[in-house]
Amino acid sequence: MLKAGRMSEGPGEHTELTPRSFASFGLMMLGLGLLSVGFSVIDTAMVAPFGLVQVAAVGLGESVVSLLLAFFVGFIDVFTARLARAEGAGQSDRVFPELLCAYLIVVGLMELAAVVVAAAVWVVLPLVVSDQALAHAARQYAAVRLLGVALVAALSGVREALKIVGARTGSLAVYAVGLGMNAALNAVFLHVMSGTLAGAATVAVAMATLVAQLFMTIIGGILLRRHLAVREFEPPSAAMVREQARTMAVRGAGVGVRHLNDYAGSTIPFVMAGTLGVTWVAASTVASTIWTLFCRVPQACFGAAFVFYGYVSESGGAVAREVRRRIAIYSAIPMAVAVVVFLALSPALIWILTAGNLDTWTGMIMVAAFFIVVVPYFFEGLNGELLSVLEDGGFMSWTSTLTTWLGNIGFAAFGIFVLHSAFWAFALAVIPTIVLGSAFTWRLNHLTNRPMSLPQV
């Protein structure tokens, strides 16, 4: 049984689940989320003086990069889940070396895939984008960023490891420093080194991001090494490294499909909405921005839930079910408060984001279309994270694929091309979200009500 909030006989108090520890972790995750958004905001703002083509190219190139990274999140999730399970079970001293080696192998595979995608993007973008200046600038940005995918994956691994082993403020500090470094490097590359970068502003900001990520990875690695200096690690087994890498690649792909579907389900309807005119596209964009800002709160809670559930998932049974119940409560309360706050602030946000050029009622209609899914989104998001801890990628991949492509995107097409309504195009997403949230909840109940057979760490 769980006593005094203690989840396991892990290596430290950071594995204890209490309202205070969960809130602290959630706030740290919220900070990381906001800092991560800051990178693209700074890139866009600093490239703006070079023209709208460069601004549009950064946005288009970033969407291509984000699509691939959404899939790669699955591998990061599996690495994180295994490290959290080992930490909670007090086995990280044995597991961490082999898990780190396995993850580096998978990172190498990610980079190879990214190189192939970069080559494809270089050829395909000019074929699908009518403005050739935009297509060339976008493919330059995407190619540079994609060639640095290994850095993104390495940085993500360091960030997750810092959080898991108790050095949570270290991960936040790394991103805060990195954000400032990215802004400074943008200024240098855009205004001092532009001549050596073929005059391309998109190349400059992409390179600035890569250099910042390199330094962030190094700084994070140093912090992680110092934090773990008191531990004695066992030499990794070559056979176990190979097995960890193999299963990480297979199961990570399944989890990654779920994240890829999430990204596709949220972006493709916007492409369709472009047929409804500027007013509704602008209203949808503003509502999406408000929804995205709101989602930082539940996503921070879900990220904390992922880690704390990972600490106890090896125990299974009553312990895991009790922790699941508690983290659901701890996540629901701040999410409910955030719903009230963001809906109350929406009229003001609509005015600020459009400089008063969009009718408030039109904007609020679209905000309602996004927020109508909030309850099923809670169950989908939370239970999806907990299923990721259990590495149930197969189930999540096929269920999310069906609900995304037959549900979200199908209903969006119906709303736009049949009903000619931006509201229904996004509001009807509540149906597949209910289906997926119910499926994830059923699956998690099924797995936690029987003896769990988790991958050995």
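Keep in mind it's a predicted model, so treat the numbers as computed, not measured.

**Some words on the packing of aromatic side chains**
Stage number 1. Tallied over the entire structure, the rule returns 22 aromatic pairs.
Stage number 2. Pairing Phe423 with Trp424 gives two aromatic rings, centres 5.0 Å apart and planes at 80 degrees, and the pair type is edge-to-face.
Stage number 3. Among the aromatic residues, ring-to-ring pairing joins Trp291, Phe294, Phe302, Phe342, Phe371, Tyr377, Phe378 and Phe379 into one connected group.
Stage number 4. Positioned over the ring face of Trp122 is Arg139, at 4.0 Å from the centre of the ring.

**Re unusual backbone geometry**
Stage number 1. Look at Glu391: it is not a glycine, yet its phi comes out positive at around 60 degrees.
Stage number 2. Inspection of the secondary structure assignment puts Glu391 in the loop between helix H12 (374-389) and helix H13 (393-418).
Stage number 3. For His420, which is not a glycine, the phi torsion comes out positive at approximately 55 degrees.
Stage number 4. Relative to the elements of secondary structure, His420 occurs in the loop between H13 and helix H14 (422-427).
Stage number 5. Of the residues examined, His420 reaches a relative accessible area of 59% and is grouped as exposed.

**Quick notes on the pattern of salt bridges**
Stage number 1. All told, the structure shown has 12 salt bridges when counted by the stated rule.
Stage number 2. For Glu385, the salt bridge identified is with Arg258, shortest N-O distance 3.5 Å. A residue pair is termed long-range when its members are at least 10 positions apart, and Glu385 in helix H12 and Arg258 in helix H8 (residues 238-273) qualify at 127 residues.
Stage number 3. For Glu385, a relative accessible area of 13% corresponds to the buried category.
Stage number 4. Assessed through its relative accessible area of 4%, Arg258 is described here as buried.
Stage number 5. Taken together, the salt bridges that share partners define one network made up of Arg82, Arg85, Arg251 and Glu391.

**Details of the layout of surface pockets**
Stage number 1. As a volume, the second largest pocket reaches approximately 290 Å³.
Stage number 2. Lining the second largest pocket are 16 residues, and of these Phe96, Leu100, Val158, Gly221 and Leu224 sit closest to its centre.
Stage number 3. For the lining of the second largest pocket, the elements supplying multiple residues, two or more each, are helix H3 (92-128), helix H5 (149-164) and helix H7 (201-227).
Stage number 4. A breakdown of the residues in the lining of the second largest pocket according to their chemical character gives 13 nonpolar, two polar and one charged.

**A look at the packing of H5 against H7**
Stage number 1. Orientation of H5 relative to H7, taken along the N-to-C sense of each, is 30 degrees, at an axis distance of 9 Å. Compared by their axis directions, H5 and H7 come out roughly parallel. Between H5 and H7 lies a crossing whose hand is left-handed. Taking contact as the criterion, the partners of Leu151, Val152, Ala154, Leu155, Val158, Ala161 and Leu162 in H5 are, on H7, Leu210, Gln213, Leu214, Met216, Thr217, Gly220, Gly221, Leu223 and Leu224.
Stage number 2. Grouping the constituent residues of the contact of H5 with H7 by class yields 12 nonpolar, four polar and no charged.

**Looking at helix H2 (residues 52-88)**
At 3.6 residues per turn, the α-helix brings residues three or four places apart onto the same side.
Stage number 1. Compared with an ideal rise of 1.5 Å per residue, which puts 37 residues at 54 Å, H2 spans 50 Å between its outermost C-alpha atoms and is within 8% of the ideal.
Stage number 2. If you look at H2, its biggest bend is around 30 degrees, right at Phe71.
Stage number 3. Extensive coverage of H2 is indicated by the burial of 26 of its 37 residues.
Stage number 4. A positive backbone phi angle near 75 degrees is found at Gly90, which sits one or two residues after H2.

**As for the confidence of the model for the chain**
Stage number 1. When pLDDT is averaged across the chain, the result is 85; 93% of the residues are at 70 or more.
Stage number 2. Summarising per-element confidence for the chain, the mean pLDDT is lowest in helix H1 (residues 19-47) (83) and highest in H12 (94).
Stage number 3. The low-confidence segment residues 1-11, where pLDDT is below 50, has 33 contacts with residues more than four positions distant or belonging to other chains.

**Overview of helix H9 (residues 278-312)**
Stage number 1. Between its first and last C-alpha, H9 extends 50 Å over 35 residues, near the 51 Å set by a 1.5 Å rise per residue.
Stage number 2. If you look at H9, its biggest bend is around 30 degrees, right at Arg296, and the proline Pro298 turns up within four residues after that.

**Some thoughts on the side chain of Asn383**
Stage number 1. Looking at the element boundaries, Asn383 is found in helix H12.
Stage number 2. Of the polar contacts made by the side chain of Asn383, one reaches the side chain of Thr441; its length is 2.7 Å.
Stage number 3. If we ignore the near neighbours within four places in the chain, the residues touching Asn383 are Arg324, Phe440, Thr441 and Leu444.

**Some points on the packing of H2 against helix H4 (residues 132-147)**
Stage number 1. At a minimum axis distance of 8 Å, the contact between H2 and H4 shows a crossing angle of 40 degrees. One finds that H2 runs oblique with respect to H4. Here H2 and H4 pass one another in a crossing that is right-handed. For the pair H2 and H4, contact is made by Val53, Gln54, Ala56, Ala57, Val58, Leu60, Gly61, Glu62, Val65, Leu68 and Leu69 and by Ala133, Leu134, Ala137, Ala138, Tyr141, Ala142, Arg145 and Leu146, respectively.

Definitions and limits used
- Residues numbered from 1 in each chain as written.
- Predicted model: local features only at pLDDT ≥ 70, side-chain atom pairs only at ≥ 80, totals over all residues.
- Heavy atoms only, no water.
- Phe/Tyr/Trp six-rings, centres within 6.5 Å; stacked < 30°, edge-to-face > 60°.
- Lys NZ or Arg CZ within 6 Å of the ring centre and 35° of its normal.
- Helix = DSSP H or I, 4+ residues; strand = E, 2+ residues; numbered from the N terminus.
- Buried < 20%, exposed > 50% of the residue type's maximum accessible area, 1.4 Å probe, protein only.
- Salt bridge = Lys/Arg side-chain N within 4 Å of Asp/Glu carboxyl O.
- 1 Å grid on protein atoms, 1.4 Å probe; cavity = no way out; pocket = protein on both sides within 12 Å on 5 of 7 lines; lining within 4 Å.
- Points joined across faces, edges and corners; volume = space filled by probe spheres on them.
- Nonpolar A, V, L, I, M, F, W, Y, C, P; charged D, E, K, R; others polar.
- Axes fitted to C-alpha atoms, helices over the stretch in contact; angles between N-to-C directions.
- Parallel < 35°, antiparallel > 145°, perpendicular 65-115°, else oblique.
- Left-handed = near helix turned anticlockwise from the far one by under 90°.
- Contact = heavy atoms within 4.5 Å.
- Expected span 1.5 Å × (residues − 1).
- Bend = angle between axes of the 7 residues up to and from the residue.
- pLDDT = per-residue confidence, 0-100.
- Polar contact = N/O pair within 3.5 Å; in protein donor to acceptor, adjacent residues only side chain to side chain.

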